[in-house]
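Below are the chains, spelled out letter by letter.
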Amino acid sequence: MKRVAHLSHAIGAAGDEAGGLVAFALVSTTHNVDAIVIGAGLAGLVATAELTDAGRRVLLLEQEPEVSLGGQAFWSFGGLFLVDSPEQRRMGIHDSRELAWQDWQGTAGFDRPEDGWPRRWAEAYVDFAAGEKRAWLHSQGVRFVPNVGWAERGGYLATGHGNSVPRFHVTWGTGPGVIEPFVRRVREAQRRGLVELRFRHRVDALTVTDGTVTGVAGHVLQASSIARGHASSREEVDEFELEAQAVIVTSGGIGANHELVRKNWPKRLGEAPKNMICGVPDHVDGRMLAISEAAGANIINPDRMWHYTEGIKNWDPIWSRHGIRILPGPSPLWLDATGLRLPVPLFPGFDTLGTLEHIMKTGHDYTWFVLTQKMIEKEFALSGSEQNPDLTSKSVVEVLKSRVGKGAPGPVEAFKQKGADFVVERDLLSLVRGMNALTDEPLLDFADVEREIVARDREIENPYTKDLQVTAIRGARRYIPDRITRVAAPHRILNEKAGPLIAVRLNILTRKTLGGLHTDLSSRVLRADGEPLPGLYAAGEVAGFGGGGVHGYRSLEGTFLGGCLFSGRIAGRAVAAALGGS
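Now for a description of the structure that goes with this document.

**Regarding the sheet that holds strand β23 (residues 532-538)**
Spatially, 6 strands are ordered β7-β4-β3-β11-β23-β22 in an open sheet, and the strand pairing comes out mixed. Each edge of the sheet is formed by a strand with only one pairing partner; in this case those strands are β7 (195-199) and β22 (524-526). The mean inter-strand angle of the sheet, taken between neighbouring strand axes irrespective of direction, is 30 degrees. As paired elements, strand β4 (residues 58-62) and β7 share 5 bridges and run parallel to each other. Each bridged residue has a counterpart across the sheet, and for Leu-61 the counterpart in β7 is Arg-198. On top of the sheet, helix α2 (residues 42-53) reaches β3 (35-38), β4, β7 and β11 (246-249); it is set at about 170 degrees to β4, its chief contact.

Okay, structure coming up:
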């Protein structure tokens, strides 16, 4: 018996603009393909490339225009988690698979019955990151910036959250450099007649026949000539129904659907923020989660999510509520909305979700960085390909000018001058007045802010200190790449020679979904009873980057793109094997 799973309440919950029952008059279409891949982001491209390498014919569907090929990954900084890489060894970093797995377990905190498959995915991914991942990417032309970054430093015990060593490898070419080999492979397969790409095809339902997913149904959306990242029309101009032996869902997460983010917001992180900005384009709406669930798929860990606390409003926005994340060095003083310093070890770059939890318990949804011109020049980087034109364009000359030369990088300086969240003043009293002027209620008392800064400045005067942030700064500078390009020499914030003073209002920035469709290690989507739903596979963010939550509660960073690469590869190879190979 054949049915089309498109429950109206499920689609509405996932962000369907109509919000009601969609009356399909589906026109059946036969199509000679082996697999349908839903979503042309990184995971979808990888899965498609792997399928076509096995000689399989693939129909790749994408609701956005062709200009958006590559999805969210295009906009990323291109950071990848690698273990015991040549880049690490050249920097004197001693890493190992065992240390990385220790860090992953301490970060993930797997503690639920349904974490069985996510944990197995996690261990397989660490093996991949410590094994063939770099060689596989290198063979396709991917190269890395030589200085390895140290994200999510943790600051707890050896078995707790965080990276024990630097593992954040920035791709030469940033996000576009990550997707390029897979776009190339898919385009080559397209020329060989193995791939058909259908853009503006929005899947609204999965077709289920006698308990097996046998195809998809949906609407063709109006053609659009918008630039990449801009919101596209949702006007429907046609309908479609397509069949294949397997369907792979690679549709991404929920980051742009703030209604769904709030619905799934975990109590452990306090109340959901009233105000959030968005780190992903509007089309990252989470629709396929509920559509897959309506067909019989199981969703686990929907309350696990990854949002940043250092978001600033883009002064030149591309998508709705467009925000950019500051990638901070460890030196800025971090104050809550009332002017109190954040507690140990919630320093810039140490524990994203620990900081988010603390912020939400203050009763406010924003915080402040207070720093100097000397700090911003060396320690501020902005996440995203468009905010790093030197790395994205692969220009060695521009990288040297931007990262080693005098002054802040151009995009950072532009935000300092034009960004709505920045205050720049020569004296502290004027700075605090400017900070209060940016908020609905003037919560900062000058005497309180001055006391925090003066106390911190006194700790800088000696090579030893009880202030653990100062200790962390000095520890970071022992890593030579950080000392040269990332961490300013310790100095007093109120030192006039280091000025002017800068304050940055930091917003909650939505980004990643850590839970999702429950999958086994062959990327088969599981039902609520734990058995595979025949015909349906999933990869990338919609599957929690593998298993329905490979990260557990927290991420070590560099693992989102990597999770798309790994799970997309597994899904493509698994489907090809299930269909009998080439």
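**Regarding the side chain of Arg-167**
Secondary-structure assignment places Arg-167 in the loop between α6 (133-138) and β6 (168-170). Accessibility expressed as a relative area gives 2% for Arg-167, which makes it buried. Within polar-contact distance, the side chain of Arg-167 engages the side chain of Asn-163 at 3.0 Å. Setting aside anything within four residues of it in sequence, one finds Arg-167 in contact with Leu-80, Phe-81, Leu-82, Val-83, Gln-88, Asp-95, Leu-99, Ala-100, Asp-103, Val-148 and Gly-149.

**As for unusual backbone geometry**
The step from Val-344 to Pro-345 runs through a cis peptide bond, and the omega angle for that step is -5 degrees. Pro-500 follows Gly-499 through a cis peptide bond whose omega is 10 degrees. Locating Pro-500 in the fold gives a position in the loop between α18 (480-485) and β20 (501-513). Even without being glycine, Lys-394 reaches a positive phi, approximately 60 degrees. As for its position among the elements, Lys-394 is in the loop between α12 (389-392) and α13 (396-404).

**Looking at the environment of Leu-82**
Note on placement: Leu-82 falls in the loop between β5 (79-81) and α3 (86-90). In sequence terms Leu-82 and His-230 are 148 residues apart; their C-alpha atoms lie 32 Å from each other. In contact with Leu-82, other than residues within four places in its own chain, are Gln-88, Asp-95, Ala-129, Lys-133, Arg-134, Phe-144, Arg-167 and His-169.

**Overview of the pattern of salt bridges**
Scanning all chains against the criterion turns up 37 salt bridges. The salt bridge involving Glu-310 is made with Arg-325; its shortest N-O contact spans 3.1 Å. Residue Glu-310 is located in strand β14 (residues 305-313), and its partner Arg-325 is located in strand β15 (residues 323-327); the two are separated by 15 residues in the primary sequence. With respect to class, Glu-310 is no different from Arg-325; both count as buried. The shortest N-O distance in the salt bridge between Glu-357 and Lys-361 comes to 3.0 Å. Of this pair, Glu-357 and Lys-361 both sit in helix α10 (residues 352-361), separated by 4 residues, roughly a single helical turn. Its relative accessible area of 60% is what places Lys-361 among the exposed residues. Here the salt bridges share partners, and the residues they tie into one network are Glu-50, Asp-53, Arg-185 and Arg-573.

**Topic: the nonpolar core**
Counting 107 residues, the largest nonpolar core has Ile-36, Ile-38, Leu-42, Trp-104, Leu-206, Val-216 and Leu-536 as the members making the most contacts within it. It is helix α19 (residues 560-578) that contributes the most residues to this core, 10 residues altogether. Core analysis: the next-biggest nonpolar cluster, separate from the first, contains 36 residues, Leu-342, Trp-368, Leu-371 and Leu-431 among them.

**Quick notes on helix α9 (residues 287-294)**
In terms of residue burial, α9 counts as a mostly covered element, since 7 of its 8 residues are buried. Of all the residues in α9, the buried ones are Arg-287, Met-288, Leu-289, Ala-290, Ile-291, Ser-292 and Ala-294. Gly-296 sits one or two positions beyond α9 and adopts a positive phi of about 120 degrees.

**Topic: the state of the cysteines**
This structure, assessed with the given rule, holds 0 disulfides. Of all cysteine sulfurs in the structure, the one in Cys-564 sits closest to Cys-278, which takes part in no disulfide; the separation is 17 Å.

Criteria and thresholds
- Residues numbered from 1 in each chain as written.
- Predicted model: local features only at pLDDT ≥ 70, side-chain atom pairs only at ≥ 80, totals over all residues.
- Heavy atoms only, no water.
- Pairing = 2+ DSSP bridges.
- Helix = DSSP H or I, 4+ residues; strand = E, 2+ residues; numbered from the N terminus.
- Axes fitted to C-alpha atoms, helices over the stretch in contact; angles between N-to-C directions.
- Contact = heavy atoms within 4.5 Å.
- Buried < 20%, exposed > 50% of the residue type's maximum accessible area, 1.4 Å probe, protein only.
- Polar contact = N/O pair within 3.5 Å; in protein donor to acceptor, adjacent residues only side chain to side chain.
- Salt bridge = Lys/Arg side-chain N within 4 Å of Asp/Glu carboxyl O.
- Core = buried A, V, L, I, M, F, W, Y, C linked by side-chain atoms within 4.5 Å.
- Disulfide = S-S within 2.5 Å.

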